[in-house]
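Chains, contacts and geometry: an overview
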Amino acid sequence: MVHVLEEYAKQHQVPIMQKEGMEFLLQYIEENQVQTILEIGTAIGYSAIRMATVHPNIHVTTIERDPIMYEQAIENIKKFHLEKQITVIYQDAMEVEIDGYYDLIFIDAAKAQYIKFFEKFKKNLTLHGTIISDNLDFHGLVFQPEEELSKNVKGLVRKLKKYISFLKENTEFTTLFYHVGDGISISKRN
Ligand code: SAH
Ligand code: MG
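Since we're looking at a predicted model, the values are computed, not measured. (Residues numbered from 1 in each chain as written. Chains lettered and ligands numbered in written order. Predicted model: local features only at pLDDT ≥ 70, side-chain atom pairs only at ≥ 80, totals over all residues. Heavy atoms only, no water.)

1. Details of the overall build of the protein
Secondary structure assignment for the protein yields 6 helices and 7 strands. Secondary structure of the protein in N-to-C order comes out as α-α-β-α-β-α-β-β-α-β-α-β-β. Radius of gyration (C-alpha) of the protein: 16 Å, near the 16 Å computed for a compact globule of 190 residues. Structurally, the protein occupies a C-alpha span of about 45 × 40 × 30 Å along its principal axes. As presented, the protein carries roughly 10,200 Å² of accessible surface, and 52% of it is formed by carbon and sulfur atoms. Here the protein holds 21 positive side-chain charges and 27 negative ones, and the gap between their average locations is 5 Å. (Helix = DSSP H or I, 4+ residues; strand = E, 2+ residues; numbered from the N terminus. Rg over C-alpha atoms; globule rule 2.2 N^0.38 Å. Areas by Shrake-Rupley, 256 points an atom, 1.4 Å probe, with all protein chains shown as cover. Lys, Arg positive; Asp, Glu negative; His and termini not counted. Charge placed at Lys NZ, Arg CZ, Asp CG, Glu CD.)

Encoded structure:
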């Protein structure tokens, strides 16, 4: 069933998680018995559906600001009968107020805002909670000489590099980086 979503994403260029990255994240959820998840960036609901399907006790709250994506996510979640396990919030993540605690916060939205998302939502982590971020390699562009990049891409790459430095230098959290899928980091509070 999920391959229908993968196929749709491919055809409509929706940037859902890459296969290996998705498997890596699902394995993390399973091994660490994650139960509550806050996701920034729903798109069509693919990763939320995959995460919720790991175990019936898991609840995912996911935030999406794009109206078309939001509508599609709602529809897909219904198709998978996961309405009880997934709550979609239709709002800009930088504007929404979330109170409640999550074992896992998954950042997978606008790359330029990753530091802001991290700073904003770290208060919503449970004691041993984790922040996982996706797309830190940005298709390998992060490792490419800057003069080879277009202006737009260069801006985003710089923002991502800033986020990576922010994580490396962070004294409150320790982060591990994995070059799996499109590049994933796992940050835990010290
Ligand atoms: N997690 C999804 C993919 C998300 S793609 C999956 O793997 O299946 C990124 C999504 O984040 C896009 O749909 C975009 O509209 C949304 N987004 C970007 N910035 C956002 C913000 N500030 N608040 C809410 N959603 C945002
Ligand atoms: Mg992603």
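2. What to know about unusual backbone geometry
A negative phi angle characterises most non-glycine residues, just as the trans form characterises most peptide bonds. Positive phi outside glycine occurs at Q13, with the angle close to 50 degrees. Note that Q13 resides in the loop between α1 (2-11) and α2 (19-31). The exposed category is assigned to Q13, whose relative accessible area is 72%. (Buried < 20%, exposed > 50% of the residue type's maximum accessible area, 1.4 Å probe, protein only.)

3. Overview of the coordination of the magnesium ion (ligand 2)
Ligation of the magnesium ion (ligand 2) by protein atoms is provided by D108 (OD), D134 (OD) and N135 (OD1), these donors lying 2.0 to 2.1 Å from the ion. Here the donor residues of the magnesium ion (ligand 2) share one chain and are spaced in sequence as D-x25-D-N. We note that D134, like N135, is buried. (Donors = N, O, S within 2.8 Å, 3.2 Å for Na, K, Ca; no water.)

4. As for the environment of K111
Within the secondary structure, K111 is located in the loop between β4 (102-107) and α5 (114-121). Between the alpha carbons of K111 and F166 there is a distance of 14 Å; along the sequence they are 55 residues apart. In contact with K111, not counting residues within four places along its chain, are N135, F138, L156, K159 and L160. (Contact = heavy atoms within 4.5 Å.)

5. Observations regarding the sheet that holds β4
Strand order in the open sheet made by the 7 strands is β3-β2-β1-β4-β5-β7-β6, with mixed pairing throughout. On the outer flanks of this sheet lie β3 (86-90) and β6 (173-178), each paired with one strand and no other. Strand after strand, the sheet turns through a mean of 15 degrees between neighbouring axes, direction not considered. Sheet topology places β4 next to strand β5 (residues 125-134); 5 bridges connect them, and they run parallel. Bridge pairing in β5 links I105 to I131. α2 rests against β1 (36-40), β4, β5, β6 and β7 (184-189) of the sheet, and its axis sits at about 25 degrees to β7. (Pairing = 2+ DSSP bridges. Axes fitted to C-alpha atoms, helices over the stretch in contact; angles between N-to-C directions.)

6. What to know about the site of ligand 1
Near ligand 1 lie 22 residues; those nearest to it are G41, S47, E64, A93 and D108. The side chain of D108 places a nitrogen or oxygen atom 2.8 Å from a nitrogen atom of ligand 1. Look at ligand 1: alone it shows 580 Å² of surface, and the protein chains cover 92% of it. Of all the cavities here, the one that holds ligand 1 is the largest pocket. (Near = heavy atom within 4 Å. Polar contact = N/O pair within 3.5 Å; in protein donor to acceptor, adjacent residues only side chain to side chain. 1 Å grid on protein atoms, 1.4 Å probe; cavity = no way out; pocket = protein on both sides within 12 Å on 5 of 7 lines; lining within 4 Å. Sits in = over half its atoms within 2 Å of the grid points.)

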